[in-house]
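# Reading the structure
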Amino acid sequence: MTIERDKANPNISIVHTAQGEIRFDFGAEGKSVDVNIPGIPKLDTFKEDGRKELEALMDKTFNPSADSTQKLKDLQAKFNETIIATQNGKALEVGTSEKLTSFDTGGGGLTRKVDASGMPVQDVALGINLAEVVKTPYRDNMGRDHKMKPEDILRHELFHYVDKASDPNQVSKNKDDPTSDLMFKERRAVWYVNQFQLAEDPPRAQRISYKTLNSDLDTGIAGADGKVAGSTLPGAEKGYPEPSPTNHREYPWNKQAENSSSSSISDFSEKLALPDNLLSNLKGGAVAINHGDYFSPEQKTQLNALVAGNLNDSLNETFKLKQPEKEV
């Protein structure tokens with residue numbers, strides 16, 4: 001079985017790949033995720049049939065069939081590794097909305113979540129409307145229209161998930177920086193997914209834009225001659241290389257993991273000459289609490305406080321034992 005639901009948290013679907021686990025949080029029944037897609041204030045929980053359909057799409061996308069070309073398998077393997085590195089054990093929340101339409105969003109969208117006051121936070125959610133995804137058209141460099149595959153849209157949105165240039169914090173006010181163009185991230189995603197289309201046998205027509213007559217909404221990668229522009233990822237030559245397991249978009253949990261890394265804990269331990277068993281317990285506690293999504297942010301805060309309290313008690317006891325006896 002290449003896809004299963006987490007026994008400890010049935011809301012989590014785990015896609016097993018040769019590169020590791022890719023995790024998605026479908027949420028509890030009746031739960032919604034507050035987001036900031038224009039005109040779409042929230043994503044709703046999938047019903048069981050829809051969840052199974054999306055799970056099957058994920059499995060098909062991340063685990064290409066045996067008769068896929070080697071080039072496509074290699075592309076997907078690297079993409080899987082990049083997604084796994086970006087997730088760092090934390091499942092990506094996923095939901096749906098009838099307002100995710102083939103015309104406005106292609107049926108999908110990766111968006112920042114918002115807090116109770118409606119302000120965007122440094123976390124994202126994936127929205128997919130499977131009924132609309134299959135209707136989404138695109139235009140090739142000959143002006144012909146085609147239907148996108150659901151895998152195309154899933155890869156497109158997950159590219160935004162892993163691509164540093166898709167981080168709103170990366171948008172520059174410098175006109176010489178490509179991120180100053182709000183369509184830059186879309187051109188990158190379109191180019192990237194085109195590589196999978198070209199890797200099929202036979203290759204599929206490349207997409208140069210969404211099917212739209214409104215140039216303001218044209219988020220393709222067509223050059224001035226109306227043809228597909230460039231043989232490399234847009235922006236790669238200007239300091240925005242292709243995402244990889246070592247070069248991906250960072251989220252709070254990535255930084256949290258860095259801050260609680262074993263090396264920093266080891267340095268701290270060496271400076272204080274902590275006993276090995278205390279160091280081991282500290283490492284284990286940090287990993288168990290802060291990695292993954294088994295605990296909510298509120299629970300993590302409480303558990304970290306408990307660990308800190310126990311550490312403080314242990315430190316006091318350790319240093320009390322190491323203090324030389326005072327001369328009488």
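Residues numbered from 1 in each chain as written. Predicted model: local features only at pLDDT ≥ 70, side-chain atom pairs only at ≥ 80, totals over all residues. Heavy atoms only, no water.

### Points about the sheet that holds strand β11 (residues 209-210)
Spatially, the 3 strands line up as an open sheet ordered β10-β9-β11, and their pairing is antiparallel. Sheet topology places β10 (145-147) and β11 at the edges, where each strand pairs with a single neighbour. Pairing of strand β9 (residues 137-139) with β11, which is carried by 2 bridges, proceeds in the antiparallel orientation. By the bridge assignment, Arg-139 is partnered in β11 with Ser-209. (Pairing = 2+ DSSP bridges. Helix = DSSP H or I, 4+ residues; strand = E, 2+ residues; numbered from the N terminus.)

### Quick word on the pattern of salt bridges
Where side chains of opposite charge bring their charged atoms close, a pairing between them can arise. For the structure shown, the criterion picks out 20 salt bridges. Taken together, the shared-partner salt bridges in this structure form one network comprising Lys-31, Lys-90, Glu-93, Lys-113 and Asp-123. (Salt bridge = Lys/Arg side-chain N within 4 Å of Asp/Glu carboxyl O.)

### Here we look at the packing of helix α4 (residues 150-162) against helix α5 (residues 184-198)
Where α4 contacts α5, the axes come no closer than 9 Å and their chain directions differ by 135°. Our classification of the angle between α4 and α5 gives oblique. Classified by chirality, the crossing of α5 by α4 is right-handed. Along its contact with α4, which presents Asp-152, Arg-155, His-156, Phe-159 and His-160, the element α5 presents Lys-185, Glu-186, Arg-188, Ala-189, Val-190, Tyr-192, Val-193, Phe-196 and Gln-197. Classifying every residue of the contact of α4 with α5 by side-chain character gives 6 nonpolar, 3 polar and 5 charged. (Axes fitted to C-alpha atoms, helices over the stretch in contact; angles between N-to-C directions. Parallel < 35°, antiparallel > 145°, perpendicular 65-115°, else oblique. Left-handed = near helix turned anticlockwise from the far one by under 90°. Contact = heavy atoms within 4.5 Å. Nonpolar A, V, L, I, M, F, W, Y, C, P; charged D, E, K, R; others polar.)

### Quick notes on the nonpolar core
Nonpolar side chains tend to gather and get buried jointly when the protein is soluble and globular. By size, the foremost hydrophobic cluster in this structure holds 39 residues, and its most contacted members are Phe-24, Leu-54, Phe-62, Leu-126, Leu-158 and Tyr-161. If we skip the residues at most four places from it in the chain, Phe-24 touches Asn-11, Ile-12, Ser-13, Val-15, Met-58, Phe-62, Ala-91, Leu-92, Val-94, Leu-126 and Leu-158. By size, the runner-up hydrophobic cluster in this structure holds 7 residues, among which are Val-35, Ile-37, Ile-40 and Leu-43. (Core = buried A, V, L, I, M, F, W, Y, C linked by side-chain atoms within 4.5 Å. Buried < 20%, exposed > 50% of the residue type's maximum accessible area, 1.4 Å probe, protein only.)

### Section: the pairing of strand β7 (residues 108-114)
Counting buried positions over the 7 residues of β7 gives 7, a clear majority of the element. For β7 and strand β8 (residues 120-128), the ladder comprises 6 bridges, and the chain directions are antiparallel. Paired with Gly-109 across the two strands is Gly-127, which belongs to β8. Counting the residues between successive antiparallel strands, the hairpin from β7 to β8 contains 5 residues, one of them, Gly-118, with a positive phi of roughly 90°.

### So, the packing of aromatic side chains
The tally for this structure, following the rule as stated, stands at 8 aromatic pairs. Judged by centre distance (5.9 Å) and plane angle (65°), the ring pair of Phe-26 and Phe-46 falls under edge-to-face. Of the two residues, Phe-26 is situated in the loop between β3 (20-25) and β4 (32-37) and Phe-46 in the loop between β5 (40-44) and α1 (48-62); the sequence distance between them amounts to 20 residues. The exposure classification of Phe-26 matches that of Phe-46, with both residues buried. Three or more aromatic residues joined by ring pairs make a cluster, and in this case those are Phe-79, Phe-159, Tyr-192 and Phe-196. (Phe/Tyr/Trp six-rings, centres within 6.5 Å; stacked < 30°, edge-to-face > 60°.)

### Quick look at unusual backbone geometry
Look at the link from Asp-201 to Pro-202: it is a cis peptide, with omega at 0°. Relative to the elements of secondary structure, Pro-202 occurs in the loop between α5 and β11. Here the phi dihedral of Asn-88 falls at roughly 50°; this positive angle occurs in a residue that is not glycine. Considering the arrangement of structural elements, one finds Asn-88 in the loop between α2 (70-87) and β6 (92-95).

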